[in-house]
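Tertiary structure, described
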Amino acid sequence: MSEQPTFAAFEIQPDPVEPFDWLGRVLTQFAVAERAIGQLCIALDLPIDKGPLSSLQTLCNRLYRSSNKRCQTLLKRIERWRSFRPLRHLLAHASIMVVHDNAGNSFLLTRHLPLDRYDVTPDRLWTRDECQQLLKVASSDGRSITDQIRNLMQTPALMSALKQPDPGSSPG
């Protein structure tokens, strides 16, 4: 009989998070969603004078007012994406480095660059799991918002309904 080979048991260490790759990928996904939102605002003739998110609240109000399920689904996704915007701001204005604890675990440290002398945004330590989770959510939201907006824009009747100004709003 032939002997069965023996295999040594060893723990596979997950790939460490490469800080600048992670940062770039997260910020890119935020930008993907922002771009799609801006395109929808333009298609609805909403002002974008101060950037693609200038009319974000107006857009959300119009989506909320709609009884269409796709509008409600998009609104929920945009609201979740909006809840992560403070992190986007933090990451866009931070320096990043890898630090290790006494046990050899690595973390990402983001150090916020203050906007002015009153800005006291604290530094933040990110675990590997937190990094992966934020990237997963940002990727999911970016892709979902883009797809949903593309589908919405291909429905002329729905776009026409969304172009109607909010009741009680003044023109211009």
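In this report, the structure presented in the accompanying data block is examined.

Conventions and cut-offs
- Residues numbered from 1 in each chain as written.
- Predicted model: local features only at pLDDT ≥ 70, side-chain atom pairs only at ≥ 80, totals over all residues.
- Heavy atoms only, no water.
- Pairing = 2+ DSSP bridges.
- Helix = DSSP H or I, 4+ residues; strand = E, 2+ residues; numbered from the N terminus.
- Salt bridge = Lys/Arg side-chain N within 4 Å of Asp/Glu carboxyl O.
- Buried < 20%, exposed > 50% of the residue type's maximum accessible area, 1.4 Å probe, protein only.
- Contact = heavy atoms within 4.5 Å.
- Expected span 1.5 Å × (residues − 1).
- Polar contact = N/O pair within 3.5 Å; in protein donor to acceptor, adjacent residues only side chain to side chain.
- Arc of directions from axis to C-beta.
- Phe/Tyr/Trp six-rings, centres within 6.5 Å; stacked < 30°, edge-to-face > 60°.
- Lys NZ or Arg CZ within 6 Å of the ring centre and 35° of its normal.

**Observations regarding the pairing of strand 2 (residues 106–112)**
One ladder, built from seven bridges, connects strand 1 (residues 94–100) with strand 2; its direction is antiparallel. Paired with Ser-95 across the bridge in strand 2 is Arg-111. With three bridges connecting them, strand 2 and strand 3 (residues 124–126) associate as antiparallel partners. Pairing of Leu-109 across the sheet is with Leu-125, part of strand 3.

**Thoughts on the pattern of salt bridges**
Enumeration according to the criterion identifies nine salt bridges in this entry. Of the charged contacts in the structure, one is a salt bridge between Arg-25 and Asp-21, with a shortest N-O distance of 3.4 Å. Here Arg-25 and its partner Asp-21 are both found in helix 1 (residues 19–43), four residues apart, which amounts to about one turn of the helix. Taking the relative accessible area as the measure of exposure, Asp-21 reaches 39% and is therefore partly exposed. Note that Arg-124 is salt-bridged to Glu-130, the shortest N-O span being 3.7 Å. Where salt bridges share partners, they join Arg-77, Arg-80 and Asp-141 into one cluster.

**So, the side chain of His-112**
As for its placement among the helices and strands, His-112 is situated in strand 2. Owing to a relative accessible area of 8%, His-112 belongs among the buried residues under this scheme. Ignoring anything within four residues of it in the chain, the contact list for His-112 reads His-89, Leu-90, His-93, Ala-94, Asp-119, Thr-121, Pro-122 and Asp-123.

**Notes on helix 1**
With 25 residues, helix 1 should cover 36 Å at 1.5 Å per step; its first-to-last C-alpha distance of 36 Å lies within 8% of that length. One side-chain oxygen of the residue at the start of helix 1 lies 3.1 Å from the amide nitrogen of Phe-20, identifying that residue as Glu-18.

**Things to note about helix 4 (residues 85–92)**
Buried within helix 4 are the following residues: Leu-87, Leu-90 and Leu-91. Along the axis of helix 4, the buried residues cluster in a sector spanning 95°; they form a single face.

**So, the packing of aromatic side chains**
Following the criterion strictly, the structure yields two aromatic pairs and no others. Taking the centre distance of 6.4 Å and the plane angle of 45° together, the rings of Phe-30 and Trp-81 count as tilted. Taken together, the residues span a long stretch of sequence, with Phe-30 in helix 1 and Trp-81 in helix 3 (residues 69–83) at a distance of 51 residues. Overall, Phe-30 belongs to the buried group, its relative accessible area being 3%. Sitting over the ring of Trp-126, Arg-124 keeps its end group 3.8 Å from the ring centre.

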